[in-house]
Amino acid sequence: MGGYVNRDGGGWTELRVHGVSGTSPERMLAHPHVARVAGDAEAGFYRRQWEARQTSADTADERLEAYSWGGLTAGSGQRALWLLLTPFLLVNVAFFALPPAHDGRRGARRSAEVLLRLFALSITLTLVLAVVLVSVDFFGWQCVRPARDCTDRVAWLGFLSWPWLDLPGRRMAVTAALPLAVVGLLWWLANKTWRQLEAANVPPAASEEQDRTPLEDRRMWNGGSQVRRLRAAHVAAGFALAGVLLLAPFAGPGRSLRAAQPGVATGAAIVLFWLALGLLGLTVVLVCLRNDRPRPDRDGAHDDRRDLYTLLPWLALGVTVLGAVLVWQRDVNAPVRVPGEARSQLPWLTGAVQVLVAAQVVLLLAMLVLLLTHRARTRRASSAAEQPPAWSGLATCALMMFAVALAGAFAAGFALAVAHVVGKPAPTDRSSDAIVVPLVYFWGAAMAVPVAATALLLAGVALWWVRRSTDRMLRDHVVPAYPPETVANVLRTPDVPQHAETLRRARHIAATWSRATVSDVGGRVGGAFVVLLAALTAAGVIGYLFDRDWVYEHARWAVNIGDLLVGGFAASLLYVGRQAYRNPRFRRTVGVLWDVGTFWPRATHPLAPPCYAERAVPDLIRRIAYLGCTCGGRVLLSCHSQGTVIGAAVVMQLTYAESARVALLTYGSPLRRLYARFFPAYFGPTALRRTGALLMGRPLDITDRARARWPWRNLYRPSDPIGGWILSDVTPVEAGSEQGAGEGTAGAQQDVDRRIIDPAFARTAGDSCYPATLGHSGYADDKAYAECVEILRELRRR
């Protein structure tokens, strides 16, 4: 459609930012035709397109504009595969759940960062070990034996019996291509997504405040060099680990395949083995080094310079490929084994698994000690009125535990499932079709059974809790929210027949509001799950140390069931991910958790799913600077749901000159309900107060008395399961006595938070149906939205 698009920058621009559902620009602007005025298809700025200038509602004084960033997280169903990298995502999010540093204690936070980066590297190696176990060990090392050939049962492994693959070294060299391909795929995906979705130029800005929160520093979104170095270390570690395990039978200490006539090839294999082992150790050292994000350059471009980090993955890949070439040689291989010889585990593999698990346990305990020490030091200094952080301030430990539990379950389920296809998984060679699997994997699969039972039990408790609260919600919240004669009188005489319909309506609203508390209930139930998961993990570790064979000898049924549970969980993740990208309604309910994780930059795990805020925040900073400072206009930043998190981050990034021309309107916001509790260093109460104060400029006044002057308003509904109040809740008594359901809102217009009563209690005239519950949607159509727009404009005129 050709037509008129207003491209003015002066006056007021209402810039709308959508939430998790990936709302289209047409819906955000409530207009059938839009045109992109900046950005690209992944993340762009759109305005309404009109037939002619004379019919345009967008003028030189005011206009609507939408920022659509849904292309950064939505798209083809193939992106659902990112959900299989959830362990990477969890350990990356754990970094941002660290509590804020107090009293200048930077050393403890630095130590926590090092622990998290080492832990993230261990999660990567867990994946690589599982793939090496299946491909190099099961297929290349154990499958083909004289008179005990598993290729007879598995047709697609028949190539391993070809004459030119008659030596174990040759089979291992061929099967080593799979782990190298997996690591290479992750490397390629990480590079591609960074270039396409995250590498936005960050506008430079001088520091204007000394006591900043982390989100006020523009280095937060300038992670090009940091991510590149961490990515190089993780990829090099994956390649080097594959090389070590490939060369261990031929060149490692206690090698089981000794060449008949040692020569130059054998010596070269030994050199490559130790070189690969040295590279693996070097990556461990590199992730421990300080690797802060730099300040943006003058042009805001990311630092993409090549250095030794860039060469490290290629060096590790070259060593492994050369190792594969050497083990291919007949001089390096041992003579053909005798018929019927027992299968054994690939040398060094069981030890590598045990060392990795032990390191993860040690890192978890070290982080727990650091967090408990921090909590003990800050408990006295914290105010009793402040909202406590989620899970007693141990969210970082909990997320680390979730990450390692999920990674271990995926690895165990994958290994045992393949072993069942090739033969029969066993800890030792106990039958002709046995495939030797490390006992750790049996324990990992068996632990899935009590963990799943615990999760189902707590889910039932949460459901019971929500339903049980309906009567309390009716009495304490629904009755005061509506005019007294509507509900209160009915409750006093519930047996009167004329009151039956009103009572049903009141109970329906109470049930709706109770279901909207599912996120709060989920947080409490999640805390119980963390405690029980920690207890189960500790029990599993102790059981493994005391009697490693117990789970195979006495609980093999749990191993089999756990294997099925893990496989079903992985399949359900793929289904959920695909539905979230294809079904907007499904995405609104499930996608919020995914978008919470992908909001954060890749600070500790460079192979985690891409971060959309790394692109969205710099985009909005530049757009606001253009509209506000370059064009001399004013911007009303209107944000919904997850967009409110982006909006708050943008406000904290603005200079005083930029923020002086901005007003903020948020609705359906999870800032207090979710982010303030789980990420207190970034969105805690102090950071949220500073967000409002930064809109006013110097001197910063974050007191309650100053809130009336802040050009920030937040709308929320008791029926919204995601959004809520940010700075202060409006009590139901105030809603009923001052404004009630007639006006539909509660809370003084001079405060930031305003509560919208939803749904309307009575039917409208001429309608046989009750008004629908809007919940998390439709805020822009409420009259309270228009009122807040006028209030914010008036505040900016002063």
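Above this text you will find the structure in question.
No experiment lies behind these values; they were computed from the predicted model shown.

Trainee: Please give an account of the overall build of the chain that cites residues and values.
Mentor: Along the chain, the regular secondary structure elements total 26 helices and twelve strands. Within the structure as shown, the chain displays about 33500 Å² of accessible surface, and the carbon and sulfur contribution to it stands at 60%.

Trainee: Explain the environment of Leu215 to me, and be specific about the residues and the numbers.
Mentor: Looking at the secondary structure, you find Leu215 in the loop between α5 (177-198) and α6 (224-251). For Leu215, a relative accessible area of 0% gives the class buried. When the C-alpha atoms of Leu215 and Gln653 are compared, they prove to be 6.6 Å apart, with 438 residues separating the residues in sequence. When sequence neighbours within four positions are dropped, the list of residues in contact with Leu215 reads Met220, Trp221, Ala649, Met652, Gln653, Tyr682 and Phe683.

Trainee: Give me the lowdown on the pairing of strand β2 (residues 12-17), citing residues and values where you can.
Mentor: Judged by how many residues are buried, β2 sits mostly within the fold: six of six residues are covered. Residues Trp12, Glu14 and Arg16 of β2 are buried on one face, and the alternating residues Thr13, Leu15 and Val17, pointing to the opposite face, are buried as well. With six bridges connecting them, β2 and strand β8 (residues 634-640) associate as parallel partners. From the neighbouring strand, Trp12 faces β8, where its bridge partner is Arg634.

Trainee: Would you mind going over the state of the cysteines in detail, with residue names and values included?
Mentor: Taken as a whole and judged by the stated rule, the model has zero disulfides. Its sulfur unpaired, Cys631 is 9.8 Å from the next cysteine sulfur, which belongs to Cys629.

Trainee: Give a description of unusual backbone geometry that names residues and reports values.
Mentor: With an omega of 0°, the peptide bond between Asp758 and Pro759 qualifies as cis. Relative to the elements of secondary structure, Pro759 occurs in the loop between β12 (753-756) and α26 (783-797). You will see that Trp348, though not glycine, has its phi angle at about 75°, which is positive. With respect to the helices and strands, the residue Trp348 is situated in the loop between α8 (308-328) and α9 (349-378).

Trainee: An account of the packing of aromatic side chains is needed here, citing residue identities and associated values.
Mentor: Counting across every chain of the model gives 35 aromatic pairs. Judged by centre distance (6.2 Å) and plane angle (25°), the ring pair of Tyr482 and Trp513 falls under stacked. On the criterion of sequence distance, the pair formed by Tyr482 in the loop between α12 (470-481) and α13 (484-492) and Trp513 in helix α14 (residues 500-515) is long-range, its members being 31 residues apart. Given a relative accessible area of 0%, Tyr482 falls into the buried group. Look at Trp513 and you get buried, because its relative accessible area is 1%. Here the aromatic rings of Phe599 and Trp600 are separated by 4.9 Å at their centres, their planes lie at 85°, and the arrangement is edge-to-face. Among the aromatic residues, those joined into a ring-pair cluster are Trp69, Phe95, Phe96, Trp221, Phe599, Trp600, Tyr612, Tyr675, Phe679, Tyr682 and Phe683.

Trainee: Explain the pattern of salt bridges to me, using residue names and the numbers behind them.
Mentor: Side-chain pairing between opposite charges can occur once the charged atoms of the two side chains come close. Throughout the structure, instances matching the rule amount to 20 salt bridges. A salt bridge links Arg507 to Asp471, with the nearest nitrogen and oxygen atoms 3.1 Å apart. With a gap of 36 residues between them, Arg507 in helix α14 and Asp471 in helix α12 connect regions that are remote in the sequence. Given a relative accessible area of 39%, Arg507 falls into the partly exposed group. When the shortest N-O distance is used, the salt bridge between Arg615 and Asp619 registers 2.7 Å. Remark: Asp619 and Arg615 occur in helix α19 (residues 613-630); sequence separation between them is four residues, near one turn of the helix.

Conventions used here
- Residues numbered from 1 in each chain as written.
- Predicted model: local features only at pLDDT ≥ 70, side-chain atom pairs only at ≥ 80, totals over all residues.
- Heavy atoms only, no water.
- Helix = DSSP H or I, 4+ residues; strand = E, 2+ residues; numbered from the N terminus.
- Areas by Shrake-Rupley, 256 points an atom, 1.4 Å probe, with all protein chains shown as cover.
- Buried < 20%, exposed > 50% of the residue type's maximum accessible area, 1.4 Å probe, protein only.
- Contact = heavy atoms within 4.5 Å.
- Pairing = 2+ DSSP bridges.
- Disulfide = S-S within 2.5 Å.
- Phe/Tyr/Trp six-rings, centres within 6.5 Å; stacked < 30°, edge-to-face > 60°.
- Salt bridge = Lys/Arg side-chain N within 4 Å of Asp/Glu carboxyl O.

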